Amino acid sequence: MRAMVLRRLGERLAMEERPDPAPGPGQIRIRIEACGVCRTDLHVVDGELPNPKLPIVPGHEIVGRVEAAGEGVDLKLGARVGAAWLAHADGTCAYCRSDRENLCDHPLFTGYTRDGGYATHAIAEAAFVFPLSDDLDPVAAAPLLCAGLIGWRSLKMAGDGRTIGIYGFGAAAHIIAQVCRWQGRRVFAFTKSGDAAGQAFARSLGAEWAGGSEEQPPEPLDAAILFAPVGALVPGALAAVRKGGRVVCGGIHMSDIPSFPYRLLWEERSVSSVANLTRQDGREFLALAAQAGVRATTKPYPLDRANEALADLRGGRLEGAAVLAP
Ligand SMILES: [Zn+2]
Ligand SMILES: [Zn+2]
């Protein structure tokens, strides 16, 4: 197999040839068709997340085919599956036993503490992959597995309000905006100030208003979701939501949140974070995405250009999501 490997934090990824990995009991080897590039991969590469496995193959939006199966796996060889961020949960801790495996005390994460999908092949646990249809375009489906899933969990945490603000209009936002519209909600998009292209992209996906992230929306919002990893946006988002409004931080890492007057939180506004995902989130969202006809806008890159894909994401040069195809 070939893999793009991060050997030391902050370095460029390097292509490596490795022997094809053999699946252990309960595991499968996936022949990868596509793997999305997520902002979390930048946080891994930059060393912003604690205790990554090193060297590590990043990537946690994997679409591929079951190529080999270990003992006790009842997935068919050749079946298409998706592997996402949550690679393993222990099933025994207090969180797992209360349907909160996203908060598991002993988890493994794809592309962070277990090798991921910037490769031709990857090992995954059969119990943690999602069956995917043969009809899907693997490149278009890949971003659903994190941008879509985490976006969905964020939207659920935002509650059932009708007016939703989305800060940072990247991969997750462009998927969740479509879900919001399909649900009959109204979308207000916030981008970097002056990002006319990003604002036009948001409007093309059904946002009824798009403006700079320091602007106030034309009316108070029921909830706001922050996908931009910028803590300084939190006070403005609190100011943009109505009484009882929720502000949900959808990213795994954010710059510091500056102090702000208590009156912004007053009147039962709340700020919360979203951590990881449960398999139930995945099943719900993948079914809903098919029903709603969610279409991801993607830019494909060959596997050996993973560094370029990461650089384009970092530089804000993408509309939608970058996807590696080996
Ligand atoms: Zn657990
Ligand atoms: Zn992700």
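Figured I'd write up the structure that's included with this text.

Cut-offs and rules
Residues numbered from 1 in each chain as written. Chains lettered and ligands numbered in written order. Predicted model: local features only at pLDDT ≥ 70, side-chain atom pairs only at ≥ 80, totals over all residues. Heavy atoms only, no water. Donors = N, O, S within 2.8 Å, 3.2 Å for Na, K, Ca; no water. Helix = DSSP H or I, 4+ residues; strand = E, 2+ residues; numbered from the N terminus. Buried < 20%, exposed > 50% of the residue type's maximum accessible area, 1.4 Å probe, protein only. Salt bridge = Lys/Arg side-chain N within 4 Å of Asp/Glu carboxyl O. Contact = heavy atoms within 4.5 Å.

## Quick look at the coordination of the zinc ion (ligand 2)
In an ideal tetrahedron of four donors about a metal, each angle is 109.5 degrees. In an ideal octahedron of six donors, the angles are 90 or 180 degrees. Within the protein, the atoms that donate to the zinc ion (ligand 2) are Cys-38 (SG), His-60 (NE2) and Cys-146 (SG), at distances of 2.0 to 2.2 Å. Between the donor residues of the zinc ion (ligand 2), the gaps in sequence give the motif C-x21-H-x85-C. Here Cys-146 lies in the loop between α3 (138-141) and α4 (147-157) and His-60 lies in the loop between α1 (39-45) and β4 (62-69), a separation of 86 residues in the sequence. There is no split in this pair, since His-60 and Cys-146 are both buried.

## Overview of the pattern of salt bridges
Taken as a whole and judged by the stated rule, the model has 22 salt bridges. Between Glu-33 and Arg-65 there is a salt bridge, with its nearest N and O atoms 3.5 Å apart. Placement of Glu-33 in strand β3 (residues 27-37) and of Arg-65 in strand β4 is noted, with a sequence separation of 32 residues between them. Across the pair, Arg-65 and Glu-33 agree in class, each one buried. The partner of Lys-53 in a salt bridge is Asp-115, and the shortest N-O contact between them spans 3.3 Å. Here the residue Lys-53 occupies a position in the loop between α1 and β4, and Asp-115 occupies one in the loop between β7 (108-109) and β8 (121-125), the gap between them amounting to 62 residues.

## A closer look at the coordination of the zinc ion (ligand 1)
Taken together, the protein donors to the zinc ion (ligand 1) comprise Asp-90 (OD), Cys-93 (SG), Cys-96 (SG) and Cys-104 (SG), at separations of 2.0 to 2.3 Å. Along the chain, the residues donating to the zinc ion (ligand 1) are arranged with the sequence spacing D-x2-C-x2-C-x7-C. The exposure class assigned to Cys-96 is buried, which follows from its relative accessible area of 14%.

## Digging into helix α7 (residues 233-240)
In terms of residue burial, α7 counts as a mostly covered element, since 6 of its 8 residues are buried. Buried within α7 we find Leu-233, Val-234, Pro-235, Ala-237, Leu-238 and Ala-240. Residues of α7 that are buried in the fold lie against β10 (163-167), β13 (221-226), β14 (241-249) and β15 (270-273).

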